[in-house]
Amino acid sequence: MIGFFDSGFGGLTILRSVVELLPEYDYCYLGDNARVPYGNRSQGIVFEFTKEAVDFLFRKGCPLIIIACNTSSAKALRRIQQEYLPVVYPDRRVLGVIRPSVEEVVEQGCRKLGILATEGVVASEAYITEIKKLSPAVKIYQEACPLLVPIVETGEQDGEATDLIISKYLRRLFGQDKDIDTLLLACTHYPILRKHFERLVPHQVIILEQGPIVARKLKDYLIRHPEIEQKLSRRQARAFLTTDASVRFNRLALTFFGEPVSSHLVSLV
Ligand code: DGL
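Residues numbered from 1 in each chain as written. Predicted model: local features only at pLDDT ≥ 70, side-chain atom pairs only at ≥ 80, totals over all residues. Heavy atoms only, no water.

Visitor: Can you tell me about the overall build of the chain, naming the residues and giving the values?
Guide: If you tally the helices and strands in the chain, you get 13 helices and 10 strands. Relative to a compact globule of 269 residues, whose C-alpha radius of gyration would be 18 Å, the chain shows 18 Å and is just as compact. Seen through its C-alpha atoms, the chain measures out along the principal axes to roughly 50 × 40 × 35 Å. Counting the 269 residues in the chain, one finds 56% classified as buried. Pairs at least 24 residues apart make up 77% of the contacts formed inside the chain by residues separated by at least 6 positions. (Helix = DSSP H or I, 4+ residues; strand = E, 2+ residues; numbered from the N terminus. Rg over C-alpha atoms; globule rule 2.2 N^0.38 Å. Buried < 20%, exposed > 50% of the residue type's maximum accessible area, 1.4 Å probe, protein only. Contact = heavy atoms within 4.5 Å.)

Shown next, in the form of structure tokens:
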């Protein structure tokens, strides 16, 4: 079983693409809906919450966990990989969404990258650090979009304010002749707003969303790591777990996952 973790619903946009590409495996999705959003929380708190979630999914028996949340990937993943895993679960693996996204950006030959993300991800500079490791010549511009997650979480994406708010963020990002060639939607919720971005972003700009990228990179990873792949169960089972009301989860999950889900309420501690 592959574990997927996100602060709420957003990671379902990633899981959706992964299940499409790799349907044979079992998946267990955990959304910490009781404590979403993580995007404006401190590094220490995001680490604690993420560690609890990872611990929970390991206790459920997942040999591999994908942190399908940019904020957790930016603020907690490295510490989990370096400090927690080697001591507690040395044979298991935790991967995030930043490294695969950055690899894709570089492979696509991007020269000037625009990144839209939560405040926490922008402030962490995690994308800048990772891109500089792979391709120091890429110029990077970031813009925090604190209003977009609440718009999607409340189901207001088709409301009349959405285009205005996105336009404001895009003006800040694209202003002053930066000549950005690629826009990375570096938040799990933004694919839900994809049609707005397509309408509002200059037409020559390539828009990258993370679901298909993470799915392809995960497939490659499993080919390169048969010792992990062999531990994954393959009954096509899907489990959806949430730390808050499961009725709301089931309703909103349809938007993010694209098909009905039946979730179960769990407590992480
Ligand atoms: N899942 C988070 C991300 O991708 C967005 C929601 C939140 O702020 O918790 O950054």
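Visitor: With reference to specific residues and values, describe helix α2 (residues 43–59).
Guide: Taking 1.5 Å per residue as the helical rise, α2 with its 17 residues ought to reach 24 Å, and the 24 Å between its terminal C-alpha atoms agrees with that figure. Taken together, the buried positions of α2 are occupied by Val 46, Phe 47, Phe 49, Thr 50, Ala 53, Val 54, Phe 56, Leu 57 and Phe 58. Where α2 ends, the next residue or the one after it, Gly 61, has phi of about 105°, a positive value. (Expected span 1.5 Å × (residues − 1).)

Visitor: Outline the environment of Leu 254, listing residues and values.
Guide: Its place among the elements puts Leu 254 in helix α13 (residues 246–257). A residue is classified by how much of its surface remains accessible, and Leu 254, at 41% relative accessible area, is partly exposed. Sequence separation between Leu 254 and Phe 9 is 245 residues, and the spatial gap between their C-alpha atoms is 9.8 Å.

Visitor: Residue-level account of the site of the ligand, with values.
Guide: Every one of the 14 residues lining the ligand counts as a neighbour, but Asp 6, Ser 7, Tyr 38, Gly 39 and Thr 71 are closest to it. Between the ligand and the protein, one listed contact pairs a nitrogen atom with a side-chain N or O atom of Asp 6 at 2.8 Å. One of the backbone nitrogen or oxygen atoms of Tyr 38 is found 2.6 Å away from an oxygen atom of the ligand. Here the ligand has 300 Å² of accessible area as a free molecule, and 99% of this is covered by the chains. Of the residues in the shell around the ligand, the class split is 6 nonpolar, 7 polar and 1 charged. (Near = heavy atom within 4 Å. Polar contact = N/O pair within 3.5 Å; in protein donor to acceptor, adjacent residues only side chain to side chain. Areas by Shrake-Rupley, 256 points an atom, 1.4 Å probe, with all protein chains shown as cover. Nonpolar A, V, L, I, M, F, W, Y, C, P; charged D, E, K, R; others polar.)

Visitor: Could you give an account of the sheet that holds strand β9 (residues 238–242), naming the residues involved and the relevant values?
Guide: If you trace the 6 strands from one edge of the open sheet to the other, you get β4-β3-β1-β2-β9-β10, paired in parallel fashion. Each edge of the open sheet is held by one strand with a lone partner, namely β4 (93–95) and β10 (263–265). Strand-to-strand twist of the sheet, defined as the mean angle between neighbouring strand axes without regard to direction, takes the value 20°. Relative to strand β3 (residues 64–67), strand β1 (residues 2–6) runs parallel, the two sharing 4 bridges. (Pairing = 2+ DSSP bridges. Axes fitted to C-alpha atoms, helices over the stretch in contact; angles between N-to-C directions.)

Visitor: Got a sec to walk through the side chain of Thr 13? Specific residues and values, please.
Guide: Its place among the elements puts Thr 13 in helix α1 (residues 11–21). Residue classification places Thr 13 among the buried residues on the basis of a relative accessible area of 9%. For Thr 13, the residues in contact, after removing those within four places along its chain, are Thr 188, Pro 191, Ile 192, Gly 211 and Phe 256.

Visitor: Tell me about the pairing of strand β7 (residues 182–185), and name the residues and values.
Guide: Residue alternation in β7 divides its side chains into two sets, Thr 182 and Leu 184 and Leu 183 and Leu 185, and both sets are buried. Pairing of β7 with strand β8 (residues 206–209), which is carried by 4 bridges, proceeds in the parallel orientation. The residue bridging Leu 184 from the neighbouring strand is Leu 208, located in β8. Viewed along the sheet, the connection from β7 through helix α10 (residues 194–200) into β8 turns out right-handed. (Right-handed = clockwise from strand over helix to strand, strands pointing away.)

Visitor: So what about the packing of α1 against helix α11 (residues 210–224)? Which residues, and what values?
Guide: Interhelical geometry of α1 versus α11 gives an angle of 45° and a closest axis separation of 8 Å. Of the possible angle classes, the one that applies to α1 and α11 is oblique. With respect to the hand of their crossing, α1 and α11 are arranged in right-handed fashion. Here α1 contributes Thr 13, Ile 14, Ser 17, Val 18 and Leu 21 to the contact with α11, which in turn contributes Gln 210, Gly 211, Pro 212, Val 214, Ala 215, Arg 216, Leu 218 and Lys 219. Considered class by class, the residues forming the contact of α1 with α11 number 7 nonpolar, 4 polar and 2 charged. (Parallel < 35°, antiparallel > 145°, perpendicular 65-115°, else oblique. Left-handed = near helix turned anticlockwise from the far one by under 90°.)

Visitor: Would you mind going over the nonpolar core in detail, with residue names and values included?
Guide: Core analysis: the largest hydrophobic core is formed by 53 residues, its most contacted members being Phe 4, Leu 12, Leu 148, Leu 183 and Phe 197. Non-local contacts of Leu 12, meaning those with residues more than four positions away in its chain, are made with Tyr 29, Phe 240, Phe 249, Ala 253, Phe 256 and Phe 257. In this structure, Cys 28, Leu 30, Ile 67 and Leu 268 belong to the second largest nonpolar core, which totals 26 residues. (Core = buried A, V, L, I, M, F, W, Y, C linked by side-chain atoms within 4.5 Å.)

Visitor: Any chance you could break down the pairing of strand β2 (residues 27–31) for me, citing the residues and the numbers?
Guide: Burial within β2 is extensive, with 5 of its 5 residues counted as buried. Where β1 meets β2, 5 bridges bridge the pair, whose relative direction is parallel. Directly across from Ile 2, in β2, lies its bridge partner Tyr 27. For the segment spanning β1, α1 and β2, crossover handedness is right-handed. Bridging between β2 and β9 involves 5 bridges; their strand directions are parallel. In the sheet register, Gly 31 faces β9, and the bridge partner there is Thr 242.

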